[in-house]
There are 4 protein chains.
Amino acid sequence: MQGIDNFKSIIDKYKVIFFDAFGVLKTYNGLLPGIERTFAYLKEQGKEYYIVTNDASRSPAQLAESYHREGLNFISADRIVSSGMLTKEYLDLKVRDGIVAYLGTRNSAHYIERSGLITLPVSEINDSNIDKVNALIFLDDEGFDWFADLNKTVNLIRKRTIPVIVANTDRAYPLTVSDVSIAIGGIAAMVESVVGKQFIRFGKPDSQMFMFAYDLVRASAPISKSEIVMVGDTLNTDILGGNKFGLDTVLVLSGNTLAKDVNTRITAMGIVPTYICNSAVIEGDDLGF
Amino acid sequence: MQGIDNFKSIIDKYKVIFFDAFGVLKTYNGLLPGIERTFAYLKEQGKEYYIVTNDASRSPAQLAESYHREGLNFISADRIVSSGMLTKEYLDLKVRDGIVAYLGTRNSAHYIERSGLITLPVSEINDSNIDKVNALIFLDDEGFDWFADLNKTVNLIRKRTIPVIVANTDRAYPLTVSDVSIAIGGIAAMVESVVGKQFIRFGKPDSQMFMFAYDLVRASAPISKSEIVMVGDTLNTDILGGNKFGLDTVLVLSGNTLAKDVNTRITAMGIVPTYICNSAVIEGDDLGF
Amino acid sequence: MQGIDNFKSIIDKYKVIFFDAFGVLKTYNGLLPGIERTFAYLKEQGKEYYIVTNDASRSPAQLAESYHREGLNFISADRIVSSGMLTKEYLDLKVRDGIVAYLGTRNSAHYIERSGLITLPVSEINDSNIDKVNALIFLDDEGFDWFADLNKTVNLIRKRTIPVIVANTDRAYPLTVSDVSIAIGGIAAMVESVVGKQFIRFGKPDSQMFMFAYDLVRASAPISKSEIVMVGDTLNTDILGGNKFGLDTVLVLSGNTLAKDVNTRITAMGIVPTYICNSAVIEGDDLGF
Amino acid sequence: MQGIDNFKSIIDKYKVIFFDAFGVLKTYNGLLPGIERTFAYLKEQGKEYYIVTNDASRSPAQLAESYHREGLNFISADRIVSSGMLTKEYLDLKVRDGIVAYLGTRNSAHYIERSGLITLPVSEINDSNIDKVNALIFLDDEGFDWFADLNKTVNLIRKRTIPVIVANTDRAYPLTVSDVSIAIGGIAAMVESVVGKQFIRFGKPDSQMFMFAYDLVRASAPISKSEIVMVGDTLNTDILGGNKFGLDTVLVLSGNTLAKDVNTRITAMGIVPTYICNSAVIEGDDLGF
């Protein structure tokens, strides 16, 4: 049985910290009280940090702004790595022209737009333009009519042999203390099983997310994976993905994984974090207040 | 490589014929032209026949009526075995009282109603009645708001430890010559993977469907499984299920399985019908016209 | 949270009792102490009982004898329903001639032998007889060389489009208080995923097992499913299968499911037994001793 | 329907070529006749190339030597990226001390050895050393007793909550023109489903393989992903993985994917290569001979 470690003494051992967002920095109630102390400390100590998040509903700039609105100014757009960014990189590299059809809000599609590519919601695909559709993206669970547009999506994929990208691997996300919502990753899995084709997924635990962040870190100075620690609340995304990429990992108990279940879950899933902490908040005591 | 057999000479060898409905007796265009000749011949020869269908959207009486409207009067309600009937039997045996919540049209729910049980669409479940919900049924893909009610369904299942029944195992069904619709079985599979619990499924290829039909046949006279043949258009439901139950099977090429793909698919899936026929229609020539 | 019920007062309510074998009547240590009192009581009360077991390693006669050797004479061969019996029924109905290749001990194959069919271990299949192989059966995890014969099995299935039958759905079975063994169902699942074809599986939770037992009961007198109760130690085989077939179910805590985990597991899996009992042993106190 | 492209004119467009090994450079018969012309041309044109292979049975040096023995001297150890190398990196970063238990030949384990770590075959794990086992690796399908050691492996994983690494994701590999062998990836999938824990897998299509190769390329000079092309014979490893990483891809028809099936398979799987070529061999004609 693993004991509970002190978060500050862990991050003291690493040069770079990767943080998951939901369940680690914030919950459905807003920011975790005291989380700004953690970032103030990281700044003061000259440590680098990145937010590594399964989110394709908004651009990095919009994600950063959402932290600023709540008073956390430490998180700038260039410190955010999202599954939406991997999706954009994929489109830039692999889809030269034509239409990219998507499921999600208009806003979620703004970020993947670029010159030479037409971005259209699935609802606007019809017989006159279907032959120009060169990719389909599952971006967000909102912004479309599930019944009409999911049925339309199934038939689009049956008719066109094109890459289908799932921009967020999560199957559900928390909405309130007691309720969850089906995420676009869950919807995509249904469509995949109905059409029997294989989709391309971006998001933790896949190592491509971690590599994207690792490349950002290395852009300024060389660093070994052993100097980076990943902090997350979910065993089968943050911890499994971090471990596999070769990082040390911290499981925090402020989100998906509750203190009462943590040891049972680790044993049942066989996914072992390097450390377990109550949360990513550094207590005033630890800072000598 | 299997050759194509003559349908009439096959049914001459059996006492009882089980038919799948969609792709065998009818398509999105209505009845298969000439299919009435098959039933006239069966009647004339004193053979028994049953329709064994993954359908919970209507009662057997309503299903029979839909054949009568198209002019096929040979199919009466007592010759229909549907996955909806298994669902009703389950509720009658296993759910004593309280509320049965469902996804589907009001009409699909009429058939499962009975005294002592309150049948409510998921949209009408709320904090005041959730504690009385004793079962949840996936009946039909229509009749509800996918976004609102599927999210509500996920949370209902997370909060109540109750049996969840999927009244139709199909993941999709044909709508036109080129389009399909997501079926309630596909939707249920998504919800199941989001909540991580195990649902109860009724429908082919599960042997309970075949047993229900077999019990109906045996009610009048004893019969061996070797005297029954199952006719279907889909390898992994009709043929797999019929084979497993111990019946001989006929794959017809009038629906899901096309003549050009049939041998590739049989080899790829490893599901082998006893016979292959172009369709279940008996040609005038065969009858000596 | 479900409470613990008294086993005797439950079986007093039913006419027929179906028992799982391992974890209910016996463990790796032999018979459950006192289990003979349960059967003496059933006999005295004129209740019917059947053993419904995922086992294809021995014939019903051999299985019955194994109880007699331990001093439990109440269990005769005609009260045993095994997944091996379904396998035999399948072969009798569906495989007319040729060779049935198998993985398992010579003894496990004796029971499926019949005139007109040649039963050969996979190790004896070669270029001269492979074209006559008309079925392949996974019978038992012992009696063959896993490396040589599983590789040979994969290639046999790739070369011959034949039914592949898995005579026991279990993936593992307990060997000692701390160790398990990989069961033939686990081995078959690996081979299935390597060859990409669909196998036919016999065993709980599939309803065909329960139907076989139900047919035996009905052979002497008509009975409703509501008069039968299934007693088992495993949620996703005994209880799921019993529930789905429409039977009331008793989960006993003498095998796979431990008292400390029972409520967590029921909630996690969403499989709900009608009753929970410590074991299927009737205490002397209950009998008025 | 995609047409067949000329291999030389494709590689003329890229700076770096990644090659799969089996089915592209060699088959069970040895090297593809003429493949040395391809490498001579790449050398002459100053293009970089790497072999990206799901293989953990030998070290890069041994893999290179196997090409040299057949007369292909262009492939040196530093041009090979194998799933075994990712496994070694994982152990170096994540397993500090104790025992690493493995399934595979003694030779396959040499490469992962390092000071401070004891490498033991599963057969040598016993009650006296099991508590020191800190990782388990599936390396190769040979070198151990499947029956004894796979059962031992299942129980080791049940008793120790440790990372389990699968050093090769392939489920099968070709042995002769007509036969395949079960690969360690297939064996690992069986053990994973029996124990219900989540393993760590290294190998294509996972992007970590491509990133490892990409990092090697970038070590000498900066390069964009758009300047690299991946050449492989398997849609769901080489092509899916290459596409997802953002590379252009060439499907060759000299291995797993046959000319007669290629368009059916692309449509069925929804995995689309940038180009299709008969093989990676450059014809003399193309070189102006």
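Predicted model only: the values in this text are computed from it and were never measured.

A. Region of interest: the arrangement of the chains. With no contact formed, the shortest span from any C-alpha in chain A to any C-alpha in chain C equals 11 Å. Kept free of each other, chain B and chain D leave a smallest C-alpha distance of 10 Å between them.

B. Focus on the relation of the copies chain D and chain C. Superposing chain D onto chain C takes a rotation of 180 degrees combined with a translation of 0.0 Å along the rotation axis, leaving an RMSD of 0.0 Å. Here the transformation between the copies is reduced to the relation of a two-fold axis. Relative to the rotation axis, the C-alpha of Met-190 of chain D is the closest in chain D, positioned 2.6 Å from it. A high fraction, 100%, of the interface residues of chain D reappear at the interface in chain C, so the copies pair face to face through one surface.

C. Representation of the interface of chain D and chain C in the model. Contacts between the two partners involve 22 residues from chain D, matched on the other side by 22 residues from chain C. For the pair chain D and chain C, the two sides together bury roughly 2,000 Å², of which 63% comes from carbon and sulfur. For chain D, the biggest contributors to the area lost against chain C are Trp-146, Ile-182 and Met-190 of chain D; these three give 27% of the whole. Where chain D meets chain C, there are two salt bridges. Residue Asp-179 of chain D is joined to Lys-159 of chain C by a salt bridge in which the shortest nitrogen-to-oxygen separation is 2.5 Å. Linking chain D with chain C are ten residue pairs in polar contact (both at pLDDT 80 or more). Secondary-structure elements contributing two or more residues to the side of chain D that touches chain C are helix H6 (146-159), strand S11 (180-182) and helix H7 (184-195) of chain D. Here the element with the most residues in the side of chain D that touches chain C is H6 of chain D; it accounts for eight residues. In terms of residue class, the side of chain D that touches chain C is made up of ten nonpolar, six polar and six charged.

D. Region of the structure containing the interface of chain D and chain A. Taken together, the contacts link 38 residues of chain D with 38 residues of chain A. Between Lys-244 of chain D and Asp-206 of chain A there is a salt bridge whose closest N-O contact spans 2.8 Å. Summed over the shared surface of chain D and chain A, the number is 24 residue pairs in polar contact (both at pLDDT 80 or more). Going through the elements one at a time, helix H4 (83-94), strand S12 (200-201), helix H8 (207-220), helix H9 (235-245), strand S14 (248-252) and helix H10 (262-269) of chain D are the ones with two or more residues in the side of chain D that touches chain A.

E. Structural view of helix H8 (residues 207-220) of chain C. All names here are of chain C. Helix length check: H8 (14 residues) gives 21 Å between terminal C-alpha atoms against 20 Å at 1.5 Å per residue, within 8%. Taken as a whole, H8 has its buried residues at Ser-207, Gln-208, Met-209, Phe-210, Met-211, Phe-212, Ala-213, Tyr-214 and Val-217. With a side-chain oxygen positioned 3.0 Å from the backbone nitrogen of Gln-208, the residue opening H8 is Asp-206.

F. Main features of the relation of the copies chain D and chain A. With an RMSD of 0.0 Å, the fit of chain D onto chain A corresponds to turning through 180 degrees and sliding 0.0 Å along the axis. The fraction of interface residues of chain D whose copies in chain A are also interface residues reaches 100%, indicating that both copies meet through the same surface.

The rules behind each value
Residues numbered from 1 in each chain as written. Chains lettered and ligands numbered in written order. Predicted model: local features only at pLDDT ≥ 70, side-chain atom pairs only at ≥ 80, totals over all residues. Heavy atoms only, no water. Contact = heavy atoms within 4.5 Å. Least-squares fit on C-alpha atoms with pLDDT ≥ 70 in both. Buried area = accessible area lost by both parts, 1.4 Å probe. Salt bridge = Lys/Arg side-chain N within 4 Å of Asp/Glu carboxyl O. Polar contact = N/O pair within 3.5 Å; in protein donor to acceptor, adjacent residues only side chain to side chain. Helix = DSSP H or I, 4+ residues; strand = E, 2+ residues; numbered from the N terminus. Nonpolar A, V, L, I, M, F, W, Y, C, P; charged D, E, K, R; others polar. Expected span 1.5 Å × (residues − 1). Buried < 20%, exposed > 50% of the residue type's maximum accessible area, 1.4 Å probe, protein only.

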